[in-house]
Amino acid sequence: METLQSIAGHSVKDILAIARSLGWGSADILRAFYRGEPDEDGTNRPLQIQDKKDGPVTAADLAVNRYVLDKLNAALGTEEFGYLSEETYKAKAAPESLPQEWVWIIDPLDGTRDFIDKTGEYAFHLALTRYGRPVLTVVACPELEKLYYATLGGGAFVETRDGNSQPIQVSNRNRLEDLTVVVSRTHRDGRFNHLLQKLPCQNQLAVGSVGGKVAAIVDQRADIYISLSGKSAPKDWDMAAPELILTEAGGSFTQVNGEPLKYNQGDVNQWGCLIASNGACHTELCAESIKILAELDRTEQNRT
């Protein structure tokens, strides 16, 4: 496996230190909004929820996005590094990939609905990609007081507030029937529910945010996460950071046909069926899913 050696003339250790610091800093901002704590000057922090086409956006999203972009720009500049988040993407006149070799992909608040509904299951994602693939990533789960991080070829780790880091590894459960699927409480249409009902693995665990779901897999509380796009699809910033943490912890994360995910391709939508797992039954799980979805499509075509 390829191992990340250096990053645009910087050491991997230095860039990882910046990313981890931003993870904890973002977690603090999100927790302050989540708890309704006043700003440093004593003024209130209203959430100011805006309903957008792809879901709600809050003042917490915008505050973390601004904090991370300001810090990364100040530390690394814009010549060697590109920056992709929902806000920078929306600011463009037309979808286009960023030209830099190294691109930071930022999700300031993954699981906005869970944040608003106070389930506690929200996360912060930060991924550094090179030529469209993640090489260094962070997922912070503020309410768990945990920060997950990984580098390409360097393994995956979980860090607590005291700075203690421990390596993480997915479960070794290897019978499809014994695996637990981590699912959303929302974002589930009829086609996706049909797929879940037909798969051999019927154990389910409800967790919000993609980062939270992958955290459940690397914490060995679950084994599988499936994303099936319908009218909308998850975005680059939903998937890039959790993907590397899962794969460096020994899991697999691919399109249902086994192809790797690609990021910063212009269109940020990750269409289709994406499957993340502990890896043990990944090929079998993908094959079963293809078969079930094909049968469902044939049935629906026969009805029309």
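Refer to the structure above for everything that follows.
Computed from a predicted structure; not experimentally measured. (Residues numbered from 1 in each chain as written. Predicted model: local features only at pLDDT ≥ 70, side-chain atom pairs only at ≥ 80, totals over all residues. Heavy atoms only, no water.)

Undergrad: Any chance you could explain the pattern of salt bridges here in plain terms?
TA: A side chain with one charge may pair with a side chain of the opposite charge, provided their charged atoms come close. Scanning the entire structure with this criterion turns up 16 salt bridges. In this structure, the salt-bridge partner of Asp117 is Arg113, at a minimum N-O distance of 3.9 Å. You can see Asp117 and its partner Arg113 sitting in helix α4 (residues 112-117), four residues apart, about one turn around the helix. Arg173 is the salt-bridge partner of Asp223, the closest N and O atoms lying 2.9 Å from each other. Note that Asp223 is positioned in the loop between α6 (210-218) and β14 (224-228) and Arg173 in the loop between β11 (165-167) and β12 (180-183), a separation of 50 residues in sequence. (Salt bridge = Lys/Arg side-chain N within 4 Å of Asp/Glu carboxyl O. Helix = DSSP H or I, 4+ residues; strand = E, 2+ residues; numbered from the N terminus.)

Undergrad: What's the story with the sheet that holds β12 in this structure? I'm lost.
TA: Strands pair in a sheet through their backbones, by hydrogen bonds, and they do so in one of two ways: parallel or antiparallel. One open sheet accounts for five strands, arranged β13-β12-β14-β16-β15; its pairing is mixed. What marks the edges here is a single partner per strand, and that holds for β13 (203-206) and β15 (252-255). The mean angle between the axes of side-by-side strands here comes to 25°, regardless of whether they run parallel or antiparallel. Strand direction decides the pairing type here: β12 and β13, joined by four bridges, are parallel. Opposite Val181, over in β13, you have Gln204 as the bridge partner. Taken strand by strand, helix α7 (residues 236-248) contacts β14, β15 and β16 (273-277), and its axis lies near 135° from that of β15. (Pairing = 2+ DSSP bridges. Axes fitted to C-alpha atoms, helices over the stretch in contact; angles between N-to-C directions. Contact = heavy atoms within 4.5 Å.)

Undergrad: Any chance you could explain the pairing of β14 here in plain terms?
TA: Successive side chains on a regular strand alternate, one facing one side of the sheet and the next facing the other. When you tally the buried positions in β14, you get five out of five residues, the bulk of the element. The side-chain alternation of β14 yields two buried faces, one formed by Ile224, Ile226 and Leu228 and the other by Tyr225 and Ser227. Pairing analysis gives two bridges linking β12 to β14, with the strands arranged parallel. Paired with Val181 across the strands is Ile224, a residue of β14. Across five bridges, the pairing between β14 and β16 is antiparallel. Paired with Ser227 across the two strands is Leu274, which belongs to β16. (Buried < 20%, exposed > 50% of the residue type's maximum accessible area, 1.4 Å probe, protein only.)

Undergrad: What am I meant to see in the side chain of Lys213 here?
TA: Its location among the elements puts Lys213 in helix α6. The buried charged residue Lys213 lacks any salt bridge partner; its closest oppositely charged side chain belongs to Asp114, at an N-O distance of 6.2 Å. One polar contact links the side chain of Lys213 to the main-chain carbonyl oxygen of Val207, over a distance of 2.8 Å. Apart from residues lying up to four places away in sequence, Lys213 is in contact with Val182, Val183, Ser184, Val207, Gly208 and Tyr225. (Lys, Arg positive; Asp, Glu negative; His and termini not counted. Polar contact = N/O pair within 3.5 Å; in protein donor to acceptor, adjacent residues only side chain to side chain.)

Undergrad: What's the story with the sheet that holds β11 in this structure? I'm lost.
TA: As summarised here, the arrangement of the seven strands in space is β5-β6-β7-β8-β9-β10-β11, forming an open sheet in which the pairing is mixed. Lying at the two open borders of the sheet, with one neighbouring strand each, are β5 (81-85) and β11. Neighbouring strand axes in the sheet, compared pairwise and without regard to direction, differ in orientation by 20° on average. The pairing of β5 with strand β6 (residues 102-110) spans five bridges and is classified as parallel. Each residue of the ladder has a partner; that of Ser85, found in β6, is Ile106. Against the sheet, helix α2 (residues 59-76) touches β5, β6 and β7 (123-130), its axis set at about 155° to β6.

Undergrad: I keep staring at the packing of helix α1 (residues 12-35) against α2 and nothing clicks. Help me out?
TA: When two helices pack together, their arrangement is captured by the angle between the axes and the distance separating the axes. Where α1 meets α2, the closest approach of the two axes is 10 Å, and the angle between their N-to-C directions is 155°. With respect to each other, α1 and α2 are oriented roughly antiparallel. Considering the relative orientation of α1 and α2, their crossing is right-handed. Together, Ile15, Ile18, Ser21, Leu22, Gly25, Ser26, Ile29, Leu30 and Phe33 of α1 and Ala59, Ala60, Ala63, Val64, Tyr67, Val68, Lys71, Leu72, Ala75 and Leu76 of α2 make up the contact between the two elements. Residues belonging to the contact of α1 with α2 are distributed by class as follows: 15 nonpolar, three polar and one charged. (Parallel < 35°, antiparallel > 145°, perpendicular 65-115°, else oblique. Left-handed = near helix turned anticlockwise from the far one by under 90°. Nonpolar A, V, L, I, M, F, W, Y, C, P; charged D, E, K, R; others polar.)

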